[in-house]
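The residues making up each chain are set out below.
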Protein chains: 4
Amino acid sequence: MAKTLNVGMIGYKFMGRAHSNAWLKADKFFTLKARPVMKLICGRDRAGVSEMAYRFGWDKFVTDWREVVEDPQIDIVDINTPNDTHAEIAIAAAKAGKHVLCEKPLALDAKQAKQMLDAVNKAGVVHMVCHNYRRIPAIALAKKMIANGDLGTIYHYHARYAQDWIVDPNFPLVWRLQSKIAGSGTHGDICAHIIDLGRYLVGEFAEVCGLMETFIKERPLPSEQGGLAAKGSAKMGKVTVDDASLFIGRFQNGALANLEATRFALGRKNGIQIEINGSKGSLVFDFEDMNRLRYYNNDDPSDRRGFRDIIVTESVHPYAGAWWPPGHIIGYEHTFVHTIADFVNAVVDRKPVQPTFEDGYRNQVVLEAVEKSAKTRRWVKL
Amino acid sequence: MAKTLNVGMIGYKFMGRAHSNAWLKADKFFTLKARPVMKLICGRDRAGVSEMAYRFGWDKFVTDWREVVEDPQIDIVDINTPNDTHAEIAIAAAKAGKHVLCEKPLALDAKQAKQMLDAVNKAGVVHMVCHNYRRIPAIALAKKMIANGDLGTIYHYHARYAQDWIVDPNFPLVWRLQSKIAGSGTHGDICAHIIDLGRYLVGEFAEVCGLMETFIKERPLPSEQGGLAAKGSAKMGKVTVDDASLFIGRFQNGALANLEATRFALGRKNGIQIEINGSKGSLVFDFEDMNRLRYYNNDDPSDRRGFRDIIVTESVHPYAGAWWPPGHIIGYEHTFVHTIADFVNAVVDRKPVQPTFEDGYRNQVVLEAVEKSAKTRRWVKL
Amino acid sequence: MAKTLNVGMIGYKFMGRAHSNAWLKADKFFTLKARPVMKLICGRDRAGVSEMAYRFGWDKFVTDWREVVEDPQIDIVDINTPNDTHAEIAIAAAKAGKHVLCEKPLALDAKQAKQMLDAVNKAGVVHMVCHNYRRIPAIALAKKMIANGDLGTIYHYHARYAQDWIVDPNFPLVWRLQSKIAGSGTHGDICAHIIDLGRYLVGEFAEVCGLMETFIKERPLPSEQGGLAAKGSAKMGKVTVDDASLFIGRFQNGALANLEATRFALGRKNGIQIEINGSKGSLVFDFEDMNRLRYYNNDDPSDRRGFRDIIVTESVHPYAGAWWPPGHIIGYEHTFVHTIADFVNAVVDRKPVQPTFEDGYRNQVVLEAVEKSAKTRRWVKL
Amino acid sequence: MAKTLNVGMIGYKFMGRAHSNAWLKADKFFTLKARPVMKLICGRDRAGVSEMAYRFGWDKFVTDWREVVEDPQIDIVDINTPNDTHAEIAIAAAKAGKHVLCEKPLALDAKQAKQMLDAVNKAGVVHMVCHNYRRIPAIALAKKMIANGDLGTIYHYHARYAQDWIVDPNFPLVWRLQSKIAGSGTHGDICAHIIDLGRYLVGEFAEVCGLMETFIKERPLPSEQGGLAAKGSAKMGKVTVDDASLFIGRFQNGALANLEATRFALGRKNGIQIEINGSKGSLVFDFEDMNRLRYYNNDDPSDRRGFRDIIVTESVHPYAGAWWPPGHIIGYEHTFVHTIADFVNAVVDRKPVQPTFEDGYRNQVVLEAVEKSAKTRRWVKL
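Reference entry: report on the structure contained in this document. (Residues numbered from 1 in each chain as written. Chains lettered and ligands numbered in written order. Predicted model: local features only at pLDDT ≥ 70, side-chain atom pairs only at ≥ 80, totals over all residues. Heavy atoms only, no water.)

**Concerning the sheet that holds strand E2 (residues 35–42) of chain A**
Residues and elements named next belong to chain A.
In step 1: Spatially, the six strands line up as an open sheet ordered E3-E2-E1-E4-E5-E6, and their pairing is parallel. Of all the strands in the sheet, the pair left with one neighbour each is strand E3 (60–62) and strand E6 (127–130). Adjacent strand axes in the sheet meet at a mean angle of 25° when their direction is disregarded. (Pairing = 2+ DSSP bridges. Helix = DSSP H or I, 4+ residues; strand = E, 2+ residues; numbered from the N terminus. Axes fitted to C-alpha atoms, helices over the stretch in contact; angles between N-to-C directions.)

Have a look at this one:
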């Protein structure tokens, strides 16, 4: 285990924290082909990034991302910055010969994503977009079962990603609610995840017809201190992204798609409810019970068929053996550890590792098709 | 309780059995304004209808529906026949001054439904379409809460009606899978129910965009003995109705709609999963747990909010007081008893009782709009 | 189906209503070997029993139970009276050659139960105690699976019957809370049910060690109008029965027993939570979801084991085929219909039908052993 | 944050891994009053402990625990060794003035635990026994609610800890199944946890009556390679600990206790099912859904009462704010991070931190009382 890989991470907030934790833990629980070294962390705010570096034990911090990309010691660049900066950083990193892990959504649009994909391909570096939910053990098990034919022909992919954090009309107009910074709202933030899981588990989309809605059109501008604005007192600004996004469609293999994403479902905190029905069985998943996969096997004897509530924590289950005994459940953050463990091994092997930038690009293509459909009120083929 | 109402029921199979049971039980558990008398049952098959009459204690049976409609003793005509006969019978019954209860869907199309509505209005009789799910106590409670404003502004109506009884490609081409008899497949049979519940709980639809699919295009013709055909041996016929029907849309009040109906969801027997999200709370219902309503109240203290699992069997709950002590649950058939109890009282009072033929008609208008949308691949306004 | 059996029912309140409904429905949903005729209903309160007779269509009512027992037309006597009257009526009925169905608990004590058992045996009549929960389809399926060896050697029977209707200390001192009328409280009323299910599903008890508790020692005497007493105003009386009863023990086959019954579990309305663990699998049941049986099969492949949530409504499931299509659930009252259907057929065949009076007697023996154990604070062998 | 505390950890297997992870993470997610330094790890197997040191980044490893206790640099000794060594190490550590964190059970028996308690008290060091389940956010919330009086008077504590890892009779006779090493089986290993939670949430036990059972009396001796023995081929040894342990009893405050622990419940992986019923409400918890607490509030309006399914991941919930956004769940290992975070702060403040060695001692007293009761077949007072 002498081999090491030096990591430079750019962006240190929510995702930066999740990734730092994963870099810290990956080789403590998985036997990796190389040991990642938390070398360099980068953030624009000196105070913030220095505290983060200190807290998580990054060797050094910088405030200009170019220093990461240009540092000859760095093997891997991990991008956790706002969406509008992914392309520039990733392309520069690829040109500099770095292997690149990039948070989703890969880019602001499909065109930009394609440029990123071309760049990593040209540079011959290993590339991965961080759709971490693919590596929930229950999802990885679902993938294995579907790939194995256990569900037969797939008829339905029915998914809903529901949260509730902006139902309050006094919730301020944060950057995530402004299209020029965030691109879209619910659509690119969370619908992107269930699109990715649809592509991963079922296949490529063939055509879509969608609808996007902004329920609360104006919101108080954020106070300088952040937090909820006082009622009635604040200056208002226009919400320029969607609060909910839903679409129906078809996969290339004939399965029907029904996807809905919303931030307006009170009681749903991070609810990702997926049901997949095939000719031989069905699978049901909910992120809020992410250690479980429900499986209906139509080959069970007729008087004892029922959805099995599989607790996906056995050593025979994907990733689960690295952790704790059966029934001792894991959480959200572990999905990042799995992602990084697989990425590190792929970097050592110089092999592709899903989801690649191509997956990131294709995801963006679907997102744009839905947006176009919502805008033109027409079906859009992919 | 001297007053009686004589009932003539037409059709005696699945729905006829459910209605017979309800006529039998309604005045035993509810104190009605009149006692229904099970006077006359009608069916085309003499052997079948006579056994049913004997079994359930109908005073007399006939094989021609006109004898029911023309019988001067009959006060109420209850129509449980195949869809293509509803209009003729209901219009004749209305003309004869009978009060009419009719199974859903009201008619084969909106035009026919409108004729039926006009007929009952002109005749001044009490009319009701049997959307029995409205009278599940949990649904009636949901209606009460929404009407009371407990959910605030509604943002989402997300409903899925899923069954699995025709997933096997060897399941034969029964009449329900032939459009000339059944009109549509999943769409008119079960999507109609979640459309009705959407109209009941949320409001009128404004626009829809839908998709209908037939997964299994050919099926064995039914053997004369019924049942599954032997594999490979049978003559095949073309399936002319939809196996699944889904649509997105908007209600007039701005709520978003997402409805999906399918007979291809293995493991779902009679799953009607509904989630309604509003600005103050959410409701979740599943028919397979029909004695429960899940309710999220955003006004609960912030550290103890969660979906409440209400067992809707308390005497304070709609209809529940007529039955058994709390926790002693009821079933599918009870929804028909509630329907008939309310209908009987409405007949005595000569008052409208929801869902009226107008509801049946409006339901049909939505069904047609979705079909048109699926055919033209365009949004359709209502 | 020309054969008929004339039924005389004694007692018309909660159980009388449940039984009337079952007599009404049994031959409408099951094809019985004889048709029961609702001939005679008996109750001490003339007004009450007459209304009940009228409502449910009993041919005639009387106010003295002896008239039922002595009526030569009557074939079956169905006893739903308070517990202290069961023995006298049942013994008289047996002597008169009537077949006897008796509500549980069979008697006030084991001695009395034994006398009843001797009487029916001597008379050679068919006898049954109404432990209706045995005929919940999910429980009947559990029985079938265990008898079939699907669970292997049984290690644990863990059961809790929990209600909450007397948690309020102002709930009045009704007769059920007075030992001279009710015998015991929770113990004989609901613990008796999980004892019976333990005997039915697992086997005979070998030894027990128990504990009984009365949490609220005094309660307001009931007002003449019934209902809750005004706080502080009422005269108080002593509660002479248990509020909770729990015991541990062993079955003769070596399985461990853990049973708890309580009326002090807020939120549990009629919660009967049972878990049975064997060497090959486990079963879980909760009455509040009575249409479901959860089954863990250790022979499933190691990566897809989980509790199956079986919706026990398929035509292959016990009793379920008589009712509605899969997923169209049934309720509490149906368990009485199943009981009566089986009883009627047994009467025609002159064959024993479980649970017999012997089961009622053995149940009482266990109840007494627990009471003795609780009183003496010692283990008691059976 | 200049202050540091040097940690010496003894034992590096299952618990050592869980603690290493917690030492690694505590100050990355919580702002502690001192930064723990992973200084010294100790294990008897040189190869094993060196790999663990390397993997988790402990500064140095040793193979003799005395080196840890005697090292003047060490501030905290964290004991994760087999139970029979806890006392000697902890007492030596206390004498050396080290603060001590010790895995449960504290000792082999109450007498030994008392000696440990005396030692830490005499030394004036901070001491804690690692009952990590107390710091599941849902349990901490339950504690807060009960302490706040939200449940009123407690009537029932009903708990079951169920696993299934030794159901196979070919599972070998590992040290945990030998009394001379493990003390007891299920009893001290997992029943100890639900005893501790009972003491934490409800209060001190007053009297108990228990039962312990060994279902499989002989097992194959472990092969040298470990793992399951070949059927029939292996030499057999006697199982000298309990497979299941259950008891009923009373708390000093009058609540009833029903506790059951078993390793013979197929399908239960790490199921800790707890129900607490009080005069104002109830709580339900299951470890396999550890991010949730179910709460029934009897003060809710009568038509909308139901168990609330609280996802305990809000920033207002105990510990949850340190982690991820609402609905992004955490797992088993986080409970150790919480434990260590609180312990570190207590060490800095030189203040007691629950559960102290006194809790560990009292736990042992209850364990012994149950064992004595099971052996003598009598009630035992505490």
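**A word on the side chain of D:Asn83**
In step 1: Relative to the assigned elements, D:Asn83 resides in the loop between strand E4 (76–79) and helix H4 (86–95).
In step 2: Owing to a relative accessible area of 13%, D:Asn83 belongs among the buried residues under this scheme. (Buried < 20%, exposed > 50% of the residue type's maximum accessible area, 1.4 Å probe, protein only.)

**Observations regarding the packing of helix H1 (residues 14–29) of chain B against helix H9 (residues 334–349) of chain B**
All names here are of chain B.
In step 1: Running from N to C, H1 and H9 point in directions that differ by 60°, and their axes come no closer than 8 Å. For the element pair H1 / H9, the angle class is oblique. Note on packing geometry: the crossing formed by H1 with H9 is right-handed. Where H1 approaches H9, its residues Met15, Ala18, His19, Ala22, Trp23, Lys25 and Ala26 are matched on the opposing element by His334, Phe336, Val337, Ile340, Ala341, Phe343 and Val344.
In step 2: A per-class count over the contact of H1 with H9 returns 11 nonpolar, two polar and one charged. (Parallel < 35°, antiparallel > 145°, perpendicular 65-115°, else oblique. Left-handed = near helix turned anticlockwise from the far one by under 90°. Contact = heavy atoms within 4.5 Å. Nonpolar A, V, L, I, M, F, W, Y, C, P; charged D, E, K, R; others polar.)

**Examining the interface of chain D and chain C**
In step 1: Taken together, the contacts link 48 residues of chain D with 48 residues of chain C.
In step 2: Both sides of the chain D and chain C interface together cover about 3900 Å² of buried area, and 54% of this is carbon and sulfur.
In step 3: Its largest share of buried area at the contact with chain C, chain D owes to D:Tyr155, D:Leu266 and D:Arg377, together 18% of the area lost on that side.
In step 4: One can count eight salt bridges joining chain D with chain C.
In step 5: Ionic pairing is found between C:Glu275 and D:Arg268, a salt bridge with its closest N-O pair at 2.7 Å.
In step 6: Remark: the boundary between chain D and chain C carries 21 residue pairs in polar contact (both at pLDDT 80 or more).
In step 7: Of the residues in the side of chain D that touches chain C, the class split is 20 nonpolar, 15 polar and 13 charged. (Buried area = accessible area lost by both parts, 1.4 Å probe. Salt bridge = Lys/Arg side-chain N within 4 Å of Asp/Glu carboxyl O. Polar contact = N/O pair within 3.5 Å; in protein donor to acceptor, adjacent residues only side chain to side chain.)

**Describing the relation of the copies chain D and chain C**
In step 1: Of the transformation superimposing chain D on chain C, the axial component is 0.0 Å and the angular component is 180°, with the fit at an RMSD of 0.0 Å. The transformation relating the two chain copies, once decomposed into turn and shift, fits a two-fold axis. Taking the C-alpha atom as reference, chain D places D:Arg378 closest to the rotation axis, 3.2 Å from it.
In step 2: Most of the interface of chain D is mirrored in chain C, where 100% of its interface residues are also at the interface. (Least-squares fit on C-alpha atoms with pLDDT ≥ 70 in both.)

**Regarding the side chain of C:Asp150**
In step 1: Residue position: C:Asp150 is located in the loop between helix H6 (137–147) and strand E7 (154–162).
In step 2: Its relative accessible area of 16% is what places C:Asp150 among the buried residues.
In step 3: There is a polar contact of 3.1 Å between the side chain of C:Asp150 and the side chain of C:Asn148.
In step 4: Once you skip the residues sitting within four places of it in the chain, C:Asp150 turns out to touch A:Arg304, C:Met145, C:Lys280, C:Gly281 and C:Tyr295.

**Points about unusual backbone geometry**
In step 1: Put simply, A:Lys104 and A:Pro105 share a cis peptide bond, and its omega is -10°.
In step 2: Along the chain, the position of A:Pro105 falls in the loop between strand E5 (99–103) and helix H5 (110–123).
In step 3: Here the amide bond leading from C:Gln354 into C:Pro355 is cis, since omega sits at -5°, within 30 degrees of zero.
In step 4: Mapped onto the elements of the fold, C:Pro355 is located in the loop between helix H9 (334–349) and helix H10 (357–376).
In step 5: With a phi angle near 70°, C:Tyr319 is a residue other than glycine that sits in the positive phi range.
In step 6: Not every positive phi belongs to a glycine, and D:Arg350 is a case in point at roughly 50°.
In step 7: By secondary structure assignment, the location of D:Arg350 is in the loop between helix H9 (334–349) and helix H10 (357–376).

**Concerning helix H5 (residues 110–123) of chain C**
All names here are of chain C.
In step 1: Between its terminal C-alpha atoms H5 stretches 20 Å, which fits the 20 Å expected from 14 residues at 1.5 Å a residue.
In step 2: Regarding H5, the residues found buried are Ala110, Gln112, Ala113, Met116, Leu117, Ala119 and Val120.
In step 3: Summarising the contacts, the buried residues of H5 are in contact with helix H4 (86–95), strand E5 (99–103), strand E6 (127–130) and H10.
In step 4: One side-chain oxygen of the residue at the start of H5 lies 3.3 Å from the amide nitrogen of Lys111, identifying that residue as Asp109.
In step 5: Backbone geometry just after H5 places Gly124 at a positive phi near 70°. (Expected span 1.5 Å × (residues − 1).)

**What about the environment of B:Asn132?**
All names here are of chain B.
In step 1: Residue position: Asn132 is located in the loop between strand E6 (127–130) and helix H6 (137–147).
In step 2: Counting along the chain gives 28 residues from Asn132 to Lys104, while the straight-line C-alpha distance between them is 9.2 Å.
In step 3: Contact partners of Asn132, with chain neighbours within four places excluded, come to His193, Tyr332, Thr335, Phe336 and Thr339.

**Notes on the state of the cysteines**
In step 1: Counting across every chain of the model gives zero disulfides over all chains.
In step 2: This cysteine, B:Cys209, is not joined by any disulfide, and A:Cys209 carries the nearest cysteine sulfur, 3.3 Å off.
In step 3: Owing to a relative accessible area of 0%, B:Cys209 belongs among the buried residues under this scheme.
In step 4: With no disulfide of its own, C:Cys102 has C:Cys130 as its nearest cysteine by sulfur position, at a separation of 9.1 Å.
In step 5: Taking the relative accessible area as the measure of exposure, C:Cys102 reaches 0% and is therefore buried. (Disulfide = S-S within 2.5 Å.)

**Focus on the relation of the copies chain A and chain B**
In step 1: Rotating chain A by 180° and translating it 0.0 Å along the rotation axis places it on chain B, where the RMSD comes to 0.0 Å.
In step 2: When the interface residues of chain A are mapped onto chain B, 100% of them again lie at the interface, so the same face is used by both copies.

**Some points on the environment of D:Phe285**
Residues and elements named next belong to chain D.
In step 1: Along the chain, Phe285 turns up in strand E14 (residues 281–286).
In step 2: Classification of Phe285 as buried rests on a relative accessible area of 4%.
In step 3: As a C-alpha pair, Phe285 and Ala138 span 147 residues in sequence and 7.7 Å in three-dimensional space.
In step 4: When sequence neighbours within four positions are dropped, the list of residues in contact with Phe285 reads Ile136, Ala138, Ile139, Ile272, Gln273, Ile274, Met290, Arg292 and Leu293.

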